[in-house]
Each structure stands twice: as C-alpha cells, then as structure tokens.
Amino acid sequence: MPAIQWTESDAERSAGWRSESGAKPPRRVVTADDRMNADTAHKLACEGTALLWRGDYHGAHRLLQAVGRRIDRKPVPVGDGPAETFHLQRRARAHRARIMGMLLVLLDGEYALDLRRAPDVRRACTEAYGPADGPTAVSLRELLGVIGAQQWREKGVEVPALGARIHPHYGVFSPVRSEYADLVAQTPLPEAALAPGAVAFDLGTGTGVLAALLARRGAARIVATDINPRALACARDNAERLGLADRIEVTGPALFPEGRAALAVCNPPWLPLRPTSPLEQGVYDAGGGMLQGFLDGLADRLEPGGEGWLVLSDLAEHFGLRTRADLLSAIGAAGLEVLGRTEARARHPRTRDASDPLHAARAAETTSLWRLAAARD
C-alpha cells in the first residue's frame, strides 16, 4: 500500500494511503484543526498540500463544504458545442475533486476514526474496502462517499419494475434511474427464452437488477457476468435477498460466459470515454470497448431464435461523442440485424435543470432497447 508522511508533535509519522479514485499520495501533508479557516485551506490545497484533520469531525465537514463553495465561485465552463462543453465540465469536476480530496482523515488499524464527535465508520469501511490492514489515511470526501454507500446498501433502492429493493454495494452503479429497468420489464421475451432449459445472459450485471427482472419474468436460468469483483459480490447478495440464487449464476470476469443463450441482455456504460477511476466504470467505457465486445460476440452466442437486447442511452450522441450512424454500422459489421427498438425518455432531475449548459442535450436523452439477432443470409 502506498503511504503518506507528515510531522506531528516534532515526530515523523506515516500511514498507508487509500484512494478509490486512484489519486497518488500527496507529497506534502500538514496537520490541521478547527483553527484552520477555509481561505487558507483552499490555498494550501490548490498548492498541492494535503491537510490531515485533527479537530472536530463536524468542523472538518463544514470546512470541506466551505472549500467547495470557493471552488464553485468560478463560472461553469462552456465550449463551442456539446462535446467541448462536456469535456470542459469533466475537467472542472476533476479539478474540484482533486482540491476537495486534499482534506484527509486518519483511520486506525480497525478503521476507527479518532476525532471528536466522529461517527463509527468501521462497518462502512469494512464493507467498502475489505479487512483493515493497519492505519490508513483517506480523503474526507471519499469517506463520506463510503458512509453514504453503506446507508444505501442497508436501505436499498426501490425498483418499481421489479417490485422490490436492490441493495447496491460501494463502487457498484446504483439502479436509481428506472428507464432501462422499465424497458427490460416491458419488452416481450423471445419464445426461445421461455423454453424449458433455456438460458439467459445478463452481461455487465452490476447490482444484478436486470438478472432479477429476467428471473421474475420467467427465465428459468440466468448467467450474470461482470468484470468488477464488487459487482459480482453485489449481484450474488441481491440474488440471495430476492430468493433467486437458485436461478441466477453470477460469474466473471469475462463478458460472455461459456455456452449459448436464448436471450443476452447488456446495458453497457453510456459514454465512450476512459474512466479515470474504478468508480467511473459504470458510466464511462473507454472507446466503447464493452459495447463493441457485446456486439462482436453476440451472433455466435445466441441460440436459434435467440435475441440480444442492447439497452443504451443516446446521451453520447447528444454530447457529440458518438453518432447513430456509428452505432448502426457497428451492429451491421458484427453480423447482426435490428429486429425492433423501444425507447423511454430520461426522467432524472438533471433533465429539468435549465441552468446546466448541457441542459438541451440532457433533456433530449432517451434510452433504447435494441432487439438484435444474427443477420439472416
């Protein structure tokens, strides 16, 4: 594990460094407490100096919010078109995350947080990180995400199409948007998928929500795959919670499992850009690699009469990152044909935020379920 070093009470100290965003250990670390004001904290963070917090826990939270307000004083960057604006905004978000990530806290060898009025974060950290391995420093911003994820995991997310809750794990994309689940729930299953002994694939399963939907709709056996170990554990957990573990097999890390399927469902990340951390893999797919892998492997993995369901947002098209012609060309080049397409308009809050420079693109977003099959000669 990487480490950080700092001086405290005239003694040299060190601790392991943990960052789920992939940030490198800060080169310079100083201690800070409730006497630190937001202007000084912001200046030090911008200069690359990390602040290891030794004061009141709630004071650290207030300082983090105050630093965020100072970063947000700069206007939202706008480019000459949606693609440039999106890239500028992504760069600004990365800058904001880097600066706010400079406020650190120290977890002991059991993930306890030794600060006044600090919550007990041991369970949340164990669920996110696994067993503790000595004292570690982590950004307060990341720790707040870990705490929030543990609360989401306990409470779960209601999925109306499933009529049940899905419990996301830390680092696994949560099914808070209902469009793609609604499409899978409402599209008629191919007859081949309801035949005795038929197998369905859920490729890139994440929380396992689509595998659960297929099981609830009558698919006898579902094989769910993912490359993310956290997603594999999460999907197994949800299958157990829903009483579907006997019908859902979770495996990885290959995209396609062995054998063929009467139905193969894939909801790849929507934006064909490189994720900057493992936490972004649910949204960003470098070069559209997962999408292309699904299309290229599909024809040879379908049973006669089988279908592949590609569930995909067109947000990349509205951002100018991919065209509809590019998608149709990739489908044809993979030896596939389109049997039909159904779509649902985006309903998330950002579609209604007129202050967002990308509001027009977000308001126009639709998610489509493309029914694909091997092209007939």
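Above this text is the structure in question.
Residues numbered from 1 in each chain as written. Predicted model: local features only at pLDDT ≥ 70, side-chain atom pairs only at ≥ 80, totals over all residues. Heavy atoms only, no water.

### With respect to the packing of helix α6 (residues 179-186) against helix α7 (residues 209-216)
Packed helices, taken two at a time, are described by the angle between their axes plus the distance between the axes.
Part 1 of the argument: Packing of α6 against α7 brings their axes to within 10 Å, and their N-to-C directions diverge by 25°. When the axis of α6 is compared with that of α7, the two are roughly parallel. Along this stretch, α6 crosses α7, giving a crossing that reads as right-handed. Along its contact with α6, which presents Tyr180, Ala181, Val184 and Ala185, the element α7 presents Val209, Leu210, Leu213 and Leu214.
Part 2 of the argument: The class makeup of the residues in the contact of α6 with α7 is 8 nonpolar, no polar and no charged. (Axes fitted to C-alpha atoms, helices over the stretch in contact; angles between N-to-C directions. Helix = DSSP H or I, 4+ residues; strand = E, 2+ residues; numbered from the N terminus. Parallel < 35°, antiparallel > 145°, perpendicular 65-115°, else oblique. Left-handed = near helix turned anticlockwise from the far one by under 90°. Contact = heavy atoms within 4.5 Å. Nonpolar A, V, L, I, M, F, W, Y, C, P; charged D, E, K, R; others polar.)

### Re the sheet that holds strand β12 (residues 261-266)
Within a beta sheet, neighbouring strands are joined by backbone hydrogen bonds and run either parallel or antiparallel to one another.
Part 1 of the argument: If you walk across this open sheet you meet the 7 strands as β11-β10-β9-β12-β13-β15-β14, and the pairing is mixed. Only two strands of the sheet have a single partner each, and these edge strands are β11 (248-251) and β14 (336-345). If you compare each strand with its neighbour and ignore which way they point, the axes differ by 15° on average.
Part 2 of the argument: Relative to β11, strand β10 (residues 221-225) is paired through 4 bridges, and the arrangement is parallel. (Pairing = 2+ DSSP bridges.)

### Focus on the layout of surface pockets
Part 1 of the argument: Size it by volume and the second largest pocket reaches roughly 470 Å³.
Part 2 of the argument: Looking at the lining of the second largest pocket residue by residue, the classes come out as 6 nonpolar, 3 polar and 8 charged. (1 Å grid on protein atoms, 1.4 Å probe; cavity = no way out; pocket = protein on both sides within 12 Å on 5 of 7 lines; lining within 4 Å. Points joined across faces, edges and corners; volume = space filled by probe spheres on them.)

### Some thoughts on the pattern of salt bridges
Part 1 of the argument: Going through the model one piece at a time under the given rule, you end up with 25 salt bridges.
Part 2 of the argument: The partner of aspartate 72 in a salt bridge is arginine 96, and the shortest N-O contact between them spans 2.8 Å. With a gap of 24 residues between them, aspartate 72 in the loop between α2 (57-71) and α3 (82-100) and arginine 96 in helix α3 connect regions that are remote in the sequence.
Part 3 of the argument: Judged by its relative accessible area of 28%, arginine 96 falls in the partly exposed class.
Part 4 of the argument: Here arginine 221 makes a salt bridge to glutamate 249, at a shortest N to O gap of 2.8 Å. One end of the pair, arginine 221, is in strand β10; the other, glutamate 249, is in strand β11, and 28 residues separate them in sequence.
Part 5 of the argument: Classification of arginine 221 as partly exposed rests on a relative accessible area of 38%. (Salt bridge = Lys/Arg side-chain N within 4 Å of Asp/Glu carboxyl O. Buried < 20%, exposed > 50% of the residue type's maximum accessible area, 1.4 Å probe, protein only.)

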